[in-house]
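For reference, the chains in residue letters:
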Amino acid sequence: MKKWICLLLCAALLLLCACAPPSEGPENPGTDPGIENPGDGEDPGGQDDPDDPVGPAVTYYTNPVFEPIFADPTVIRHTDGTFYAYATSDYSTWDGENRASRTALIPIIKSDDLVNWEYVGDVFNASNRPTWRPASFGIWAPDIIRIGDTYNLYYSFAGWADAQNSAIGVATAPHPEGPWTDHGMVVDTPTTGVQQSIDSFTFEYEGGIYMIWGSYYGMFYIELTADGLSVKEGAKAVQIGGRTNFSTYEAAWLTQYGDYWYLFTSHGNCCEGLNTNYYVQAFRAESPFGPYYGEDGNPMLGSGLGTNVIRNNADFVGCGHNAVIQDDAGDYWIVYHGYDTTQPGTVDGTNRRALCIDKLYWDGGWPHTQNNGASAGETVAPYILPAEEQSA
């Protein structure tokens, strides 16, 4: 009798299983349960699953993205979606012209994806080179902003380590490729009292135009006129970083993220070939005018040195003087120069500071690259919308 009861129970169970509906699988039908959801913030580059037939394919890049030299980069995105980058004038021959003659100044490159760059010319040449400082002075560290329909490009004009005779000028153009018209000096050491008046970052805030600048003698801001061509009448330089007579950083870049403003600064010596120890730190504040603090709570206007973003590793050294820009997935990318340790430290006697990019991660509200160093080898690239979708 027990044998028949067991057989009947087994038959009933089999019948119930046959009638049950099929499993619905993962909650998101477009996501492989073994692959991280591409909508999560931790997905490198913010790109979709490469095996997803309806999503864009993941693309990759390898640092450096432009070489041999593109130092102190600044970057902006044109209204047509193209990225433009500008760099310190170098004295080498990488573009086939004799840059050592100092007639080709502030190179311009462009890209559709932040990875593949094309050289398109220079801001200044023999016909429009600024002459309001001695010809022996260098033109360095450009800074680009769009004000209305005009592109303002600021540049440092100084002798090497000449803290008393440094200045920042501005040129304008209707397009990122030019043509450029120089408007002369905006700030200098004698008129502002700021020693080493180089390395500007210009930004718009609540209808005003402001400049942050300074190198190793403190960091300051000042309000400019509405067109950004001169200091606003009555405006004075206000110190936001550094000790009274000295600081350990330069090359400001300001980015807003969440509830804070993040001020990126470069520390160390920029220009010693493969022996360079240059790196990026960050401070943050609730206002673009400070007060700024590092993650350790120490003030920038004092002894604070900020929180590390990127520094030397085995593959790249001297990583610094950065810009920051977003891709179309909303991820932030640091654009900077670095020395590839597999290459010589100089080209034609000029430091071989090549252009690199890396994604920023915001752990605990503080930015850093993966492992706080430059990436080497194949890395997931920024996500850029197809051209036909950018204008939509």
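Residues numbered from 1 in each chain as written. Predicted model: local features only at pLDDT ≥ 70, side-chain atom pairs only at ≥ 80, totals over all residues. Heavy atoms only, no water.

Participant: Just to check I follow, could you spell out the packing of aromatic side chains for this structure?
Facilitator: The relative placement of two aromatic rings is captured by the distance of their centres and the angle of their planes. Tallied over the entire structure, the rule returns 27 aromatic pairs. Ring centres 5.0 Å apart and planes at 75° place the aromatic pair Tyr262 and Trp362 in the edge-to-face group. Taken together, the residues Tyr262 in strand β15 (residues 260–269) and Trp362 in the loop between β22 (354–359) and β23 (379–380) connect sequence positions 100 residues apart. With a relative accessible area of 1%, Tyr262 lands in the buried category. Judged by relative accessible area, which is 13%, Trp362 ranks as buried. (Phe/Tyr/Trp six-rings, centres within 6.5 Å; stacked < 30°, edge-to-face > 60°. Helix = DSSP H or I, 4+ residues; strand = E, 2+ residues; numbered from the N terminus. Buried < 20%, exposed > 50% of the residue type's maximum accessible area, 1.4 Å probe, protein only.)

Participant: Explain the side chain of Asp327 here, please?
Facilitator: Looking at the element boundaries, Asp327 is found in the loop between β18 (316–326) and β19 (332–340). At 3.1 Å, the side chain of Asp327 forms a polar contact with the backbone nitrogen of Gly330. A polar atom in the side chain of Asp327 sits 3.0 Å from the backbone nitrogen of Tyr383. (Polar contact = N/O pair within 3.5 Å; in protein donor to acceptor, adjacent residues only side chain to side chain.)

Participant: Is there a simple way to explain the nonpolar core in this structure?
Facilitator: Grouped burial of nonpolar side chains is what soluble globular proteins tend to show. Counting 57 residues, the largest nonpolar core has Trp117, Ile212, Leu263, Phe264 and Tyr292 as its most contacted members. Residues in contact with Trp117, not counting those within four places in the same chain, are Val65, Phe66, Val75, Phe83, Tyr84, Ala85, Ile109, Lys110, Ser111 and Leu355. (Core = buried A, V, L, I, M, F, W, Y, C linked by side-chain atoms within 4.5 Å. Contact = heavy atoms within 4.5 Å.)

Participant: Sorry if this is basic, but what is going on with the sheet that holds strand β12 (residues 219–224) here?
Facilitator: In sheet architecture, strand pairing relies on hydrogen bonds along the backbone and comes in two forms, parallel and antiparallel. The strand order across the open sheet built from four strands is β10-β11-β12-β13, with neighbouring strands paired in antiparallel fashion. Looking at which strands have only one partner, the edges of the open sheet turn out to be β10 (201–205) and β13 (238–241). Averaged over neighbouring strand pairs, the angle between their axes works out to 30° when direction is ignored. As judged from the five bridges shared by β10 and strand β11 (residues 208–213), these two strands associate in the antiparallel manner. (Pairing = 2+ DSSP bridges. Axes fitted to C-alpha atoms, helices over the stretch in contact; angles between N-to-C directions.)

Participant: Would you mind showing me how to read the pattern of salt bridges here?
Facilitator: Side-chain pairing between opposite charges can occur once the charged atoms of the two side chains come close. Throughout the structure, instances matching the rule amount to eight salt bridges. With its nearest N and O atoms 3.7 Å apart, the salt bridge here joins Asp72 to Arg353. Of this pair, Asp72 sits in the loop between β1 (60–61) and β2 (74–77) while Arg353 is found in the loop between β21 (350–351) and β22, placing the two residues 281 residues apart along the sequence. A salt bridge links Asp328 to Arg77, with the nearest nitrogen and oxygen atoms 2.7 Å apart. Here Asp328, found in the loop between β18 and β19, pairs with Arg77, found in strand β2; they are 251 residues apart in sequence, far enough to count as distant. (Salt bridge = Lys/Arg side-chain N within 4 Å of Asp/Glu carboxyl O.)

Participant: Just checking my understanding: could you explain the pairing of β2 for this structure?
Facilitator: On a regular strand, one side chain projects to one face of the sheet and the next to the other, so that they alternate. The pairing of β2 with strand β3 (residues 83–86) spans four bridges and is antiparallel. Within β3, the position partnered with Ile76 by the bridge is Tyr84. Following β2, the chain reverses through five residues before pairing antiparallel with β3; Gly81 in that reversal takes a positive phi of roughly 95°.

Participant: Explain the sheet that holds strand β7 (residues 150–158) to me, please; I cannot follow it from the model alone.
Facilitator: Sheet architecture is open: four strands sit in the order β6-β7-β8-β9, paired in antiparallel fashion. Both outer strands of the open sheet, β6 (138–147) and β9 (181–188), are each paired with one neighbouring strand and no more. Neighbour-to-neighbour, the strand axes of the sheet open up by a mean angle of 25°, direction not taken into account.

Participant: It is not clear to me how the environment of Val75 should be interpreted in this structure. Could you clarify?
Facilitator: By secondary structure assignment, the location of Val75 is in strand β2. With near-sequence residues (within four places) excluded, Val75 lies in contact with Tyr84, Ala85, Trp117, Ile144, Trp253, Ala323, Ile325 and Val335.

Participant: Please clarify how the state of the cysteines should be interpreted in this entry.
Facilitator: By definition, a disulfide is the covalent link that joins the sulfur atoms of two cysteine residues. The tally for this structure, following the rule as stated, stands at one disulfide. Here Cys270 engages in a disulfide with Cys271; their sulfurs sit 2.1 Å apart. The sign of the -90° torsion about the S-S bond sets the Cys270-Cys271 disulfide as left-handed. For Cys270, a relative accessible area of 12% translates into the label buried. Owing to a relative accessible area of 22%, Cys271 belongs among the partly exposed residues under this scheme. Cys319 takes part in no disulfide bond, and the closest cysteine sulfur to it belongs to Cys356, at a distance of 6.2 Å. (Disulfide = S-S within 2.5 Å.)

Participant: Would you explain unusual backbone geometry in this entry?
Facilitator: Across residues other than glycine, the phi torsion is negative in most instances, and most of the peptide bonds are trans. Glu67 connects to Pro68 through a cis peptide bond whose omega is 15°. Mapped onto the fold, Pro68 is located in the loop between β1 and β2. Here Gly178 and Pro179 are connected by a cis peptide whose omega angle stands at 5°. In this structure, Pro179 sits in the loop between β8 (167–173) and β9. Look at His321: it is not a glycine, yet its phi comes out positive at around 45°. As for its placement among the helices and strands, His321 is situated in strand β18. Given a relative accessible area of 7%, His321 falls into the buried group. One non-glycine residue with positive phi stands out, namely Asn372, at about 55°. Its location among the elements puts Asn372 in the loop between β22 and β23. Owing to a relative accessible area of 26%, Asn372 belongs among the partly exposed residues under this scheme.

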